[in-house]
Amino acid sequence: MTSGNDMDGTMVWDSQGMPWSVAFDDQYFCKEYGYEEALYVVCQGNNLKERFSSLDSAVDGVFTIIETGFGTGLDFCCAWQLWDECAPRSWSLHFISVELYPLSADQIVRALSLWPCLSPHKEELAAQYRPGSGGMGDFSFGSGRIRLTVIFDHVIPALAAIKEQGLAPNGADAWSLDGFAPSKNPEMWSDGVFSGMAALSRCGTTLATFTVAGFVRRGLEAQGFEVQRVLGHGRKKNVLTGHFKG
Ligand SMILES: C[S@@+](CC[C@H](N)C(=O)[O-])C[C@H]1O[C@@H](n2cnc3c(N)ncnc32)[C@H](O)[C@@H]1O
């Protein structure tokens, strides 16, 4: 292991050069197929390809994704790549994420270098990404078609800030929940998080996550989400998708 330098001093590079959280004893993404898993869990789980492709090009609008746990930005870059491929030019993507222990731009570059197909996104992201503790970063990419907002705070106040500051005026179109395994980081999967999500959702808002833990499913259902286990990817037998019923 070689040490990293995230703002809590908890990230290291393991023997295979993958980012590993010492504090949470967990990986940032799947070692063997992190990119494919992000595409499968986050993008396919939220049906993003079809939804991006069917946006009405005769009008302009904003599609909003909210993520819990920005990490290396892998999920963000996958959504951005898909947006470039499928969405009409008149629409923009607002990707909002929360992150309490941000990695540096250099660490993000090193982590994302595993996937050459994300090279342009990685370079553009790293050129702007400057994490700050307790603040908010607002970044613009792809000639303004992509807006990234990261709230550098604990997930619960961060979700409240998104609501209070009107960052998602129409609520989220899709959620990606990715805060390490629930058994290792229950704070990212608490009722306070699920109620914060409900306050930022509307009828039809979708969600996707790699975990099928029972208390996560029950917590989401208690806040008005309908969830189902679906076939997983790689070694994950099942993952979770859902939508908000209100
Ligand atoms: C599995 S990683 C996220 C991976 C990420 N989605 C990606 O694409 O690389 C989980 C992230 O949640 C963050 N995190 C953990 N506890 C948190 C908390 N209470 N509030 C906000 N972020 C938290 C960690 O610092 C870590 O970056």
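Keep in mind that this is a model prediction, so the values were computed, not measured. (Residues numbered from 1 in each chain as written. Predicted model: local features only at pLDDT ≥ 70, side-chain atom pairs only at ≥ 80, totals over all residues. Heavy atoms only, no water.)

## A closer look at the pattern of salt bridges
Side-chain pairs of opposite charge can arise whenever the charged atoms involved come near each other.
For step 1, the next point in the chain: Evaluation of the coordinates by the stated rule reveals seven salt bridges.
For step 2, the next point in the chain: The closest approach of N and O atoms between Asp84 and Arg145, which form a salt bridge, is 3.7 Å. Of this pair, Asp84 sits in helix α3 (residues 74–86) while Arg145 sits in the loop between β7 (136–141) and β8 (146–151); the two residues are 61 residues apart in sequence, bridging distant segments of the chain.
For step 3, the next point in the chain: By relative accessible area, Arg145 is classed as buried at 6%.
For step 4, the next point in the chain: A salt bridge links Asp173 to Arg202, with the shortest nitrogen-to-oxygen separation between them at 2.5 Å. Taken together, the positions of Asp173 in the loop between α6 (155–164) and β9 (174–177) and Arg202 in the loop between α7 (191–199) and β10 (206–209) put the pair 29 residues apart, joining distant regions of the chain. (Salt bridge = Lys/Arg side-chain N within 4 Å of Asp/Glu carboxyl O. Helix = DSSP H or I, 4+ residues; strand = E, 2+ residues; numbered from the N terminus. Buried < 20%, exposed > 50% of the residue type's maximum accessible area, 1.4 Å probe, protein only.)

## Thoughts on helix α1 (residues 34–44)
For step 1, the next point in the chain: Taken across its 11 residues, α1 has eight buried, putting it largely inside the fold.
For step 2, the next point in the chain: Within the span of α1, buried status applies to Gly34, Tyr35, Glu37, Ala38, Tyr40, Val41, Val42 and Cys43.
For step 3, the next point in the chain: Where α1 is buried, its residues touch α2 (48–53), α3, β9, β10, β11 (225–231) and β12 (238–244). (Contact = heavy atoms within 4.5 Å.)

## Points about the pairing of strand β5 (residues 61–68)
The side chains of a regular strand alternate, first on one face of the sheet and then on the other.
For step 1, the next point in the chain: Burial of β5 is extensive: seven of the eight residues sit out of reach of the surface.
For step 2, the next point in the chain: Inspection of the sheet shows β5 paired to strand β6 (residues 91–98) by eight bridges, in the parallel sense. Bridging from a neighbouring strand, Gly61 pairs with Trp91 of β6.
For step 3, the next point in the chain: Of the strand pairs in this sheet, β5 and β9 are connected by four bridges, and their pairing is parallel. (Pairing = 2+ DSSP bridges.)

## Some details on the packing of helix α4 (residues 105–112) against helix α5 (residues 119–128)
For step 1, the next point in the chain: Interhelical geometry of α4 versus α5 gives an angle of 170 degrees and a closest axis separation of 9 Å. Overall, the two elements α4 and α5 adopt an arrangement that is roughly antiparallel. Every residue of α5 that contacts α4 at Ala105, Ile108, Val109 and Leu112 is listed here: Lys122, Leu125 and Ala126.
For step 2, the next point in the chain: When grouped by side-chain class, the residues that make up the contact of α4 with α5 number six nonpolar, no polar and one charged. (Axes fitted to C-alpha atoms, helices over the stretch in contact; angles between N-to-C directions. Parallel < 35°, antiparallel > 145°, perpendicular 65-115°, else oblique. Nonpolar A, V, L, I, M, F, W, Y, C, P; charged D, E, K, R; others polar.)

## So, the environment of Phe225
For step 1, the next point in the chain: With respect to the helices and strands, the residue Phe225 is situated in strand β11.
For step 2, the next point in the chain: Sequence separation between Phe225 and Met197 is 28 residues; the distance between their C-alpha atoms is 9.6 Å.
For step 3, the next point in the chain: Setting aside its immediate chain neighbours within four residues, Phe225 contacts Phe194, Met197, Ala198, Ser201, Leu207, Leu220, His243 and Phe244.

## So, the packing of aromatic side chains
For step 1, the next point in the chain: Scanning the model with the defined rule gives 17 aromatic pairs in all.
For step 2, the next point in the chain: Taken together, a centroid distance of 5.7 Å and an interplanar angle of 45 degrees make the contact between Tyr129 and Phe139 tilted. With Tyr129 in the loop between α5 and β7 and Phe139 in strand β7, this residue pair connects regions lying 10 residues apart in the sequence.
For step 3, the next point in the chain: Through a chain of ring-to-ring contacts, the aromatic side chains of Phe70, Phe76, Trp80, Phe95, Tyr129, Phe139, Phe141 and Phe152 assemble into a single cluster.
For step 4, the next point in the chain: Of note, Arg110 hangs over the ring of Trp13, and the distance from its end group to the ring centre comes to 4.1 Å. (Phe/Tyr/Trp six-rings, centres within 6.5 Å; stacked < 30°, edge-to-face > 60°. Lys NZ or Arg CZ within 6 Å of the ring centre and 35° of its normal.)

## Comments concerning the site of the ligand
For step 1, the next point in the chain: Contacts to the ligand come from 22 residues, most closely from Gly69, Thr72, Asp75, Glu99 and Asp178.
For step 2, the next point in the chain: Separating a nitrogen atom of the ligand from a side-chain N or O atom of Asp75 is a distance of 2.8 Å.
For step 3, the next point in the chain: Between Leu100 and the ligand, the recorded distance is 3.2 Å, taken from a backbone N or O atom to a nitrogen atom.
For step 4, the next point in the chain: Alone, the ligand offers 600 Å² of accessible surface; in the complex the protein occludes 98% of this.
For step 5, the next point in the chain: Classifying every residue of the shell around the ligand by side-chain character gives nine nonpolar, eight polar and five charged. (Near = heavy atom within 4 Å. Polar contact = N/O pair within 3.5 Å; in protein donor to acceptor, adjacent residues only side chain to side chain. Areas by Shrake-Rupley, 256 points an atom, 1.4 Å probe, with all protein chains shown as cover.)

On their own, these measurements won't tell you what the molecule is for.
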